[in-house]
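Single-letter residue listing:
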Amino acid sequence: MSDIQKNRTSVDIYGTQYIIIGTESPGHIRLVASMVDEKMREISSKNPSLDSSKLAVLTAVNIVNDYIKAMDRIEQLENELKRVKD
């Protein structure tokens, strides 16, 4: 058994209630859910004919794309910082 406390947080994503269980704080979980909801609504507004499954996949693709860009930028900045320090 794990000693890590898990939180149960109720969130609404695109009109559906979910209970998210995890070790992150409820505030963090609500922030994540809010960002997913916002991205789904943004994509849906541009593609209103998408069904929920396709909308969810496109949302995931968009979020992972943003994540990869952020990670690339962090790596670039770390490299710049290393060059300045050397």
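All figures in this text were calculated on a predicted structure; none of them were measured in a lab.

Draft legend 1. Examining the environment of Q76 more closely. Here Q76 shows up in helix α2 (residues 52-85). Here Q76 falls in the partly exposed class, since its relative accessible area comes to 39%. Here R73 takes part through its side chain, which lies 2.5 Å from a polar atom of the side chain of Q76.

Draft legend 2. Quick peek at unusual backbone geometry. Unusually for a residue other than glycine, Y14 sits at a positive phi of about 50°. With respect to the helices, strands and loops of the structure, Y14 is situated in the loop between β1 (7-13) and β2 (16-22).

Draft legend 3. Structural context of the pattern of salt bridges. Counting across every chain of the model gives 4 salt bridges. A salt bridge links E42 to K39; the shortest N-O distance between them is 3.9 Å. Within this pair, E42 and its partner K39 are both found in helix α1 (residues 26-46), separated by 3 residues, close to a single helical turn. Under the relative-accessibility criterion, K39 is labelled buried at 15%. Across the pair D66 and K39 runs a salt bridge, and its minimum N-O distance is 3.6 Å. Taken as a pair, D66 in helix α2 and K39 in helix α1 lie far apart in primary sequence, 27 residues in all. Note on D66: relative accessible area 39%, which makes it partly exposed.

Draft legend 4. Representation of the packing of α1 against α2. Here α1 crosses α2 at 115°, and the two axes come no closer than 9 Å. Judged on the interaxial angle alone, α2 and α1 are roughly perpendicular. Crossing of α1 against α2: the hand is right-handed. Taken together, the residues of α2 that come into contact with α1 (itself represented by V36, K39, M40, I43 and S44) are L55, A56, L58, T59, N62, I63 and D66. For the contact of α1 with α2, the class distribution of residues is 7 nonpolar, 3 polar and 2 charged.

Draft legend 5. Main features of α2. In this model α2 runs 49 Å from its N-terminal to its C-terminal C-alpha over 34 residues, within 8% of the 50 Å that 1.5 Å per residue would give. Measuring from the backbone nitrogen of S53 back to the side-chain oxygen at the start of α2 gives 3.1 Å, which picks out D51 as the cap.

Draft legend 6. Broad picture of the side chain of T59. Here T59 is to be found in helix α2. The contact partners of T59, leaving out residues within four places of it in the chain, are V36, K39, M40 and I43.

What counts and how
- Residues numbered from 1 in each chain as written.
- Predicted model: local features only at pLDDT ≥ 70, side-chain atom pairs only at ≥ 80, totals over all residues.
- Heavy atoms only, no water.
- Helix = DSSP H or I, 4+ residues; strand = E, 2+ residues; numbered from the N terminus.
- Buried < 20%, exposed > 50% of the residue type's maximum accessible area, 1.4 Å probe, protein only.
- Polar contact = N/O pair within 3.5 Å; in protein donor to acceptor, adjacent residues only side chain to side chain.
- Salt bridge = Lys/Arg side-chain N within 4 Å of Asp/Glu carboxyl O.
- Axes fitted to C-alpha atoms, helices over the stretch in contact; angles between N-to-C directions.
- Parallel < 35°, antiparallel > 145°, perpendicular 65-115°, else oblique.
- Left-handed = near helix turned anticlockwise from the far one by under 90°.
- Contact = heavy atoms within 4.5 Å.
- Nonpolar A, V, L, I, M, F, W, Y, C, P; charged D, E, K, R; others polar.
- Expected span 1.5 Å × (residues − 1).

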